[in-house]
Amino acid sequence: MSERLARDLCAVILAAGEGQRLRPLTARVPKALCPVGNLPLLDHALARVARLGFAGPAAVAVNASYLGDQVAGHAGGRAHVSPEDHPLGTSGGVGRLRTWIDGRGALVGNADAYLAGAGADPAALLDGWDGETVRLFGQPAPGEPYGFSGHRFAGFSLLPWRYVRDLTDEPAELVRTVWRPAEAEGSLEVVTFAGTYLDTGTPRDYLAANLHAAGEGSLVAPGARVSGPARRAVVGAGAVVEGALTRAVVWPGGYVGADEHLVDAIRVGRDLTVRV
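Conventions and cut-offs
Residues numbered from 1 in each chain as written. Predicted model: local features only at pLDDT ≥ 70, side-chain atom pairs only at ≥ 80, totals over all residues. Heavy atoms only, no water. Helix = DSSP H or I, 4+ residues; strand = E, 2+ residues; numbered from the N terminus. Buried < 20%, exposed > 50% of the residue type's maximum accessible area, 1.4 Å probe, protein only. Contact = heavy atoms within 4.5 Å. Areas by Shrake-Rupley, 256 points an atom, 1.4 Å probe, with all protein chains shown as cover. Core = buried A, V, L, I, M, F, W, Y, C linked by side-chain atoms within 4.5 Å. Salt bridge = Lys/Arg side-chain N within 4 Å of Asp/Glu carboxyl O. Pairing = 2+ DSSP bridges. Polar contact = N/O pair within 3.5 Å; in protein donor to acceptor, adjacent residues only side chain to side chain.

A few points about the overall build of the protein chain
From N to C terminus, the protein chain includes nine helices and 19 strands. Structurally, the protein chain occupies a C-alpha span of about 60 × 40 × 35 Å along its principal axes. Counting every position in the protein chain, which comprises 276 residues, the buried fraction comes to 52%. When contacts within the protein chain are restricted to residue pairs at least 6 apart in sequence, long-range pairs at least 24 apart make up 57% of them. By element, 50% of the accessible surface of the protein chain is carried by carbon and sulfur atoms, the whole surface being about 11,700 Å².

Quick notes on the nonpolar core
Across soluble globular proteins, nonpolar side chains have a tendency to be buried as a group. With 32 residues, the main nonpolar core has Ile 13 and Leu 42 as its most contacted residues. Of all the elements in the fold, those that place two or more residues in this core are strand E1 (9–14), helix H2 (41–50), strand E4 (60–64), helix H6 (123–126) and strand E9 (151–159). Counting residues per element, this core draws most heavily on H2, at four residues. Excluding its chain neighbours within four sequence positions, the residues that come into contact with Ile 13 are Leu 42, Ala 45, Leu 46, Val 49, Val 60, Ala 61, Val 62, Asn 63, Gly 109 and Ala 111.

Overview of the pattern of salt bridges
Evaluation of the coordinates by the stated rule reveals 14 salt bridges. With a closest N to O distance of 2.7 Å, Glu 260 and Arg 267 form a salt bridge. Three or more residues are tied together by salt bridges with common partners; here these are Arg 48, Arg 51 and Asp 121.

Observations regarding the pairing of strand E6 (residues 105–110)
A large share of E6 lies buried, amounting to six of its six residues. Because side chains alternate across E6, one face comprises the buried residues Gly 105, Leu 107 and Gly 109, and the other comprises Ala 106, Val 108 and Asn 110, equally buried. Note: E1 against E6, six bridges, orientation parallel. Each bridged residue has a counterpart across the sheet, and for Cys 10 the counterpart in E6 is Ala 106. Pairing of E6 with E9, which is carried by four bridges, proceeds in the antiparallel orientation. Within E9, the residue paired with Leu 107 across the bridge is Leu 158.

Side note on the side chain of Ser 187
Along the chain, Ser 187 falls in the loop between helix H8 (174–184) and strand E10 (188–192). Within polar-contact distance, the side chain of Ser 187 engages the side chain of Glu 185 at 3.2 Å. With residues up to four places along the chain from it excluded, the contact list for Ser 187 reads Thr 133, Val 134, Arg 162, Tyr 163 and Ala 182.

And the structure:
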């Protein structure tokens, strides 16, 4: 990233969502802290923008609402935290940060976006940017009725200050306040992302993201104990697996008994199983 972009840009990670479609998983932790590949989604997002040069409270912000204390505590000193008493949506969340953004363009990413493969760090959104157009990461989706130039949104957008300055902190979505208006005036560019993108918003997609992170094998965190067979599984730190796993995720501290075989499932603790 050039010195000019580093000076004129910031990053915003949207982490305020409740994750209703992920319930009951999100009854215990906010969606942004659900682990994928044994790393909370928020950590993936912060690492992604850090690799582009956005790190620390002056350069990256995180909004927090549902179970916001958990999000704020997890972000720690790594980002400026913007608390919301009630969900403001993607547009309201950015609008609430206008004073912090303070004249800069904003690289805005969804904490629940899982991206992998070549170009997963959205450097392509920054390359050659004129500071005036709105850019979206998109994946080809011919015929998608709500798409953009034959693409569906893939987790990150780049917003010029001239759009950010007019946003408010009223509940609203960027698709209505920025993306569609920019499209209508010919100021929207879609940058194709050819890798893997999942929004992890449903148990099925959440499991798929974990299995993609595991590849053809399994990911077992240090401190986990797995004595049963595990085929394409992700097992968190401190978990104990005495039974069998097939395409399954066990959260940190989880337990799978010797008489159990979890297939296409997510286990939290000892008593919560979500099957997909």
